[in-house]
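This is what each chain is made of:
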Amino acid sequence: MQKPVEREWALTIDPETVRLLAGKARILSAALNADYDDGHEREIEIDGDARDRHQHDGLIEEEEEDLTEEEFRELVGDLNVDEIADLIALAWVGRGDYDVKEWSTAVRDARQHGAKHVATYLLGMPMLYDWLIEGLDALGVS
């Protein structure tokens, strides 16, 4: 009889939650890439003879927003301290900062990062989607 393989890690965050957050990060990244192709903002040229043909009715106009970033921030805000540490550690493992054998160290270091501004920190990672998925793969979570 074979001994069960002991894992050096215990994941407290649901992998489906990680995949959901990764998917939202992917959407945000795609939108950013479309807006800033090659790292340059696009300039809009306006013809001097152009007129504003938009009819204003005096009401505040609503802009159609992509709520993906807000949803991402709310989901991260709903995580507990252990889940936040796991999420950050997964990104770090996926990015190659830590090996899967260093999981407990990555989680400990992620706890020291703190829970404040986690969404902003994660959204600052240019390849967050890839790194979260690679982190899950490294841990053998399908």
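Look up: the structure comes first, before these words.
Residues numbered from 1 in each chain as written. Predicted model: local features only at pLDDT ≥ 70, side-chain atom pairs only at ≥ 80, totals over all residues. Heavy atoms only, no water.

> Would you mind going over the packing of helix H3 (residues 81-95) against helix H4 (residues 103-113) with me for this structure?
Working note: a packed helix pair is described by the angle between its axes plus the distance between those axes. At a minimum axis distance of 8 Å, the contact between H3 and H4 shows a crossing angle of 120°. As the angle between them shows, H3 and H4 are arranged oblique. Here H3 runs over H4; the crossing is right-handed. The residues of H4 that touch H3, namely those facing Val81, Asp82, Ala85, Asp86, Ile88, Ala89, Leu90, Trp92 and Val93, are Trp103, Ala106, Val107, Asp109, Ala110, Arg111 and His113. Of the residues contributing to the contact of H3 with H4, the split by class is eleven nonpolar, one polar and four charged. (Axes fitted to C-alpha atoms, helices over the stretch in contact; angles between N-to-C directions. Helix = DSSP H or I, 4+ residues; strand = E, 2+ residues; numbered from the N terminus. Parallel < 35°, antiparallel > 145°, perpendicular 65-115°, else oblique. Left-handed = near helix turned anticlockwise from the far one by under 90°. Contact = heavy atoms within 4.5 Å. Nonpolar A, V, L, I, M, F, W, Y, C, P; charged D, E, K, R; others polar.)

> Would you mind going over the packing of aromatic side chains with me for this structure?
To describe a pair of aromatic rings, one takes the distance between the centres and the angle between the planes. Under the criterion given, the structure shown has one aromatic pair. Ring centres of Trp92 and Tyr98 lie 5.7 Å apart, and the angle between their planes is 25°; this geometry places the pair in the stacked category. Residue placement shows Arg26 over the ring face of Tyr129; its charged tip is 4.2 Å from the ring centre. One residue, Arg95, lies across the ring of Trp131, its end atom 5.4 Å from the ring centre. (Phe/Tyr/Trp six-rings, centres within 6.5 Å; stacked < 30°, edge-to-face > 60°. Lys NZ or Arg CZ within 6 Å of the ring centre and 35° of its normal.)

> In this structure, what is going on with the environment of His113? I would like to understand it.
Locating His113 in the fold gives a position in helix H4. Spatially, the C-alpha atoms of His113 and Ala85 are 8.2 Å apart, while their sequence positions differ by 28 residues. In contact with His113, other than residues within four places in its own chain, are Ile88 and Tyr121.

> When you look at the pattern of salt bridges in this model, what are you seeing that I'm missing?
Think of it this way: side chains of opposite charge can pair up when their charged atoms draw near. For the coordinates displayed, the defined rule picks out six salt bridges. Between Arg19 and Glu16 there is a salt bridge, with the nearest N and O atoms lying 2.8 Å from each other. Here Arg19 pairs with Glu16, and both are found in helix H1 (residues 15-35), just three residues apart, close to one helical turn. Using a relative accessible area of 24% as the deciding quantity, one classes Arg19 as partly exposed. Residue Glu71 is joined to Lys24 by a salt bridge in which the shortest nitrogen-to-oxygen separation is 2.8 Å. (Salt bridge = Lys/Arg side-chain N within 4 Å of Asp/Glu carboxyl O. Buried < 20%, exposed > 50% of the residue type's maximum accessible area, 1.4 Å probe, protein only.)

> Would you take a moment to explain the side chain of Asp109 for this structure?
As for its position among the elements, Asp109 is in helix H4. On the accessibility criterion, Asp109 (19% relative accessible area) is buried.

> In this structure, what is going on with the packing of H3 against helix H6 (residues 128-138)? I would like to understand it.
Remark: H3 packs on H6, axes separated minimally by 7 Å, with the N-to-C direction vectors making an angle of 90°. The angle between H3 and H6 places the two elements in the roughly perpendicular class. On H6, the residues touching Leu87, Leu90, Ala91, Val93, Gly94 and Arg95 of H3 are Leu128, Trp131, Leu132, Glu134, Gly135, Leu136 and Ala138. Per-class residue counts for the contact of H3 with H6 are nine nonpolar, two polar and two charged.

> Could you clarify how one ought to interpret H3 in this entry?
One turn of the α-helix equals 3.6 residues, which is why residues spaced by three or four share an orientation. Counted at 1.5 Å a residue, the expected span for H3 with its 15 residues is 21 Å, and the 21 Å between its end C-alpha atoms agrees. Extensive coverage of H3 is indicated by the burial of twelve of its 15 residues. By the burial criterion, the buried members of H3 are Glu83, Ile84, Ala85, Asp86, Leu87, Ile88, Ala89, Leu90, Ala91, Trp92, Val93 and Gly94. At the N-terminal end of H3, a side-chain oxygen is found 2.9 Å from the backbone nitrogen of Asp82, two or three residues along, and the residue is Asn80. (Expected span 1.5 Å × (residues − 1). Polar contact = N/O pair within 3.5 Å; in protein donor to acceptor, adjacent residues only side chain to side chain.)

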